[in-house]
Amino acid sequence: MVIDMIYFLTSSPCVVGSPALNPMNGFVEELQRVLSEPCSALFICSDPDQPSLTYGFAEDMRDSFAEIGVTLTDVSVLERENQDQCEELVANAGLIFLTGGHVPTQNLFFQEIGLRELLQGWDGIVIGVSAGSMNAADVVYAQPEEPGEAIDPDYQRFLRGLGLTGRMTIPHYNQDKDWLLDGMRLYEDITYADSVGHSFYVLVDGSYILGRDGQEKLRGEAYLIKDASIRQIGWEGDTILL
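Residues numbered from 1 in each chain as written. Predicted model: local features only at pLDDT ≥ 70, side-chain atom pairs only at ≥ 80, totals over all residues. Heavy atoms only, no water.

Considerations on the sheet that holds strand S11 (residues 199–203)
The strand order S8-S11-S14-S15 describes an open sheet built from 4 strands, whose pairing is mixed. The strands lining the two open edges of the sheet, one partner per strand, are strand S8 (168–170) and strand S15 (229–234). If you compare each strand with its neighbour and ignore which way they point, the axes differ by 30° on average. In terms of strand pairing, S11 meets strand S14 (residues 222–226) through 5 bridges, oriented antiparallel. In the sheet register, Tyr201 faces S14, and the bridge partner there is Leu224. (Pairing = 2+ DSSP bridges. Helix = DSSP H or I, 4+ residues; strand = E, 2+ residues; numbered from the N terminus. Axes fitted to C-alpha atoms, helices over the stretch in contact; angles between N-to-C directions.)

What about empty space enclosed by the protein?
Throughout the structure, instances matching the rule amount to 1 cavity of 30 Å³ or more. Volume-wise, the largest cavity comes out at about 40 Å³. If you go around the largest cavity, the residues you meet are Thr10, Ser12, Pro13, Asn22, Met24, Phe27, Gly206, Ser207 and Tyr208. Here the residues of the lining of the largest cavity are counted per class, giving 4 nonpolar, 5 polar and no charged. (1 Å grid on protein atoms, 1.4 Å probe; cavity = no way out; pocket = protein on both sides within 12 Å on 5 of 7 lines; lining within 4 Å. Points joined across faces, edges and corners; volume = space filled by probe spheres on them. Nonpolar A, V, L, I, M, F, W, Y, C, P; charged D, E, K, R; others polar.)

Topic: the sheet that holds strand S13 (residues 215–219)
With mixed pairing, 8 strands are arranged side by side in an open sheet as S3-S2-S4-S5-S1-S12-S13-S16. With partners counted over all chains shown, the strands left at the sheet margins are strand S3 (72–78) and strand S16 (239–241), one partner each. In this sheet, adjacent strand axes meet at a mean angle of 20° when their direction is disregarded. Relative to S3, strand S2 (residues 39–44) runs parallel, the two sharing 5 bridges. Counterpart to Phe43 in the pairing with S3 is Val77. Of the strands in this sheet, strand S1 (6–10), strand S5 (125–129), strand S12 (208–212) and S13 touch helix H1 (residues 27–34), which is tilted by about 160° from S1. The strands touched by helix H4 (residues 103–113) within the sheet are S2, S3 and strand S4 (95–98), with S2 carrying the most contacts at an inclination of about 115°. (Contact = heavy atoms within 4.5 Å.)

Some points on the pairing of S5
Here S5 lies mainly inside the structure; 5 of its 5 residues are buried. Of the two faces of S5, both are covered, the one formed by Ile125, Ile127 and Val129 as well as the one formed by Val126 and Gly128. Taken together, the 4 bridges between S4 and S5 define a ladder with parallel strand orientation. By the bridge assignment, Phe97 is partnered in S5 with Ile127. (Buried < 20%, exposed > 50% of the residue type's maximum accessible area, 1.4 Å probe, protein only.)

A few points about H1
All of the buried residues along H1 are Phe27, Val28, Glu30, Leu31 and Val34. In an axial view of H1, the angular spread of the buried residues amounts to 160°, which keeps them on one side of the axis. For H1, exposure combined with an orientation more than 90 degrees from the buried face picks out Glu29 and Arg33. The elements touched by buried residues of H1 are S1, helix H2 (52–67), S5, S12 and S13. (Arc of directions from axis to C-beta.)

Observations regarding the environment of Val196
Checked against the element boundaries, Val196 lands in the loop between helix H8 (186–194) and S11. Separated by 33 residues in the primary sequence, Val196 and Ser229 place their C-alpha atoms 8.9 Å from one another. Dropping the residues within four chain positions of it, Val196 is found in contact with Asp227 and Ala228.

What about the pattern of salt bridges?
Per the stated rule, a full pass over the model turns up 12 salt bridges. Here Arg80 and Glu112 are joined by a salt bridge, their closest N and O atoms 2.9 Å apart. Taken as a pair, Arg80 in the loop between S3 and helix H3 (86–92) and Glu112 in helix H4 lie far apart in primary sequence, 32 residues in all. Residue classification places Arg80 among the partly exposed positions, given a relative accessible area of 29%. (Salt bridge = Lys/Arg side-chain N within 4 Å of Asp/Glu carboxyl O.)

Quick look at the environment of Lys226
Along the chain, the position of Lys226 falls in strand S14. If sequence neighbours within four positions are ignored, Lys226 has contacts with Ser195, His198 and Ser199.

Considering the state of the cysteines
As used in these notes, a disulfide is a covalent bond between sulfur atoms, one from each of two cysteines. Summed over the entire model, instances satisfying the criterion amount to 0 disulfides. Note on Cys45: no disulfide assigned, nearest cysteine sulfur contributed by Cys86 at a separation of 13 Å. Residue Cys45 is classed as buried on the basis of its relative accessible area of 0%. (Disulfide = S-S within 2.5 Å.)

Encoded structure:
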């Protein structure tokens, strides 16, 4: 089931090395177009037992959104200590950040709090960041990233996600395309093989997918990995209707 809401699935919403929002490919303009002002914001941890990074990110985003003329009010972080309040926190938010981190860890937390069900009928805006964008899919491709995961026969590479989109995304291609993991090339030896029978939309920092009114637009540089091959489908400045 694909949920009809406004969502930004980013590789990273920020300028490299800075908390400032990245204006590339119209990202800031698109945010300003859809966000009401002021706006209540909820940041959902990728690791609910280690929320400190999310609290820091939330404060950075409060400042960064102020710089583009959007005031974030009632900024909250959903973590282990307050997960029993998740229904109320989601209902009161106009903007939800799905933060970056380890995909399976975040996916498990989303399942524990029933986030997929809570978002059905929720009327707001979602910004996915890295792992958060990956977990927004109906079926998530959890690309191996930590040592041992690529060779672990019990590691689950496909998970049930939030169902915001039917597209599986992979972020940070500009950073990770030459990575080695468990003695293998992350893309050529691992991800290409996993793509047989699947389609992965691969984003670089500064590109994103915007979902609105039942349609999705790809903004910026992106690649499609499908059936063990890759091709570029978007360039910086492009807007492509998916």
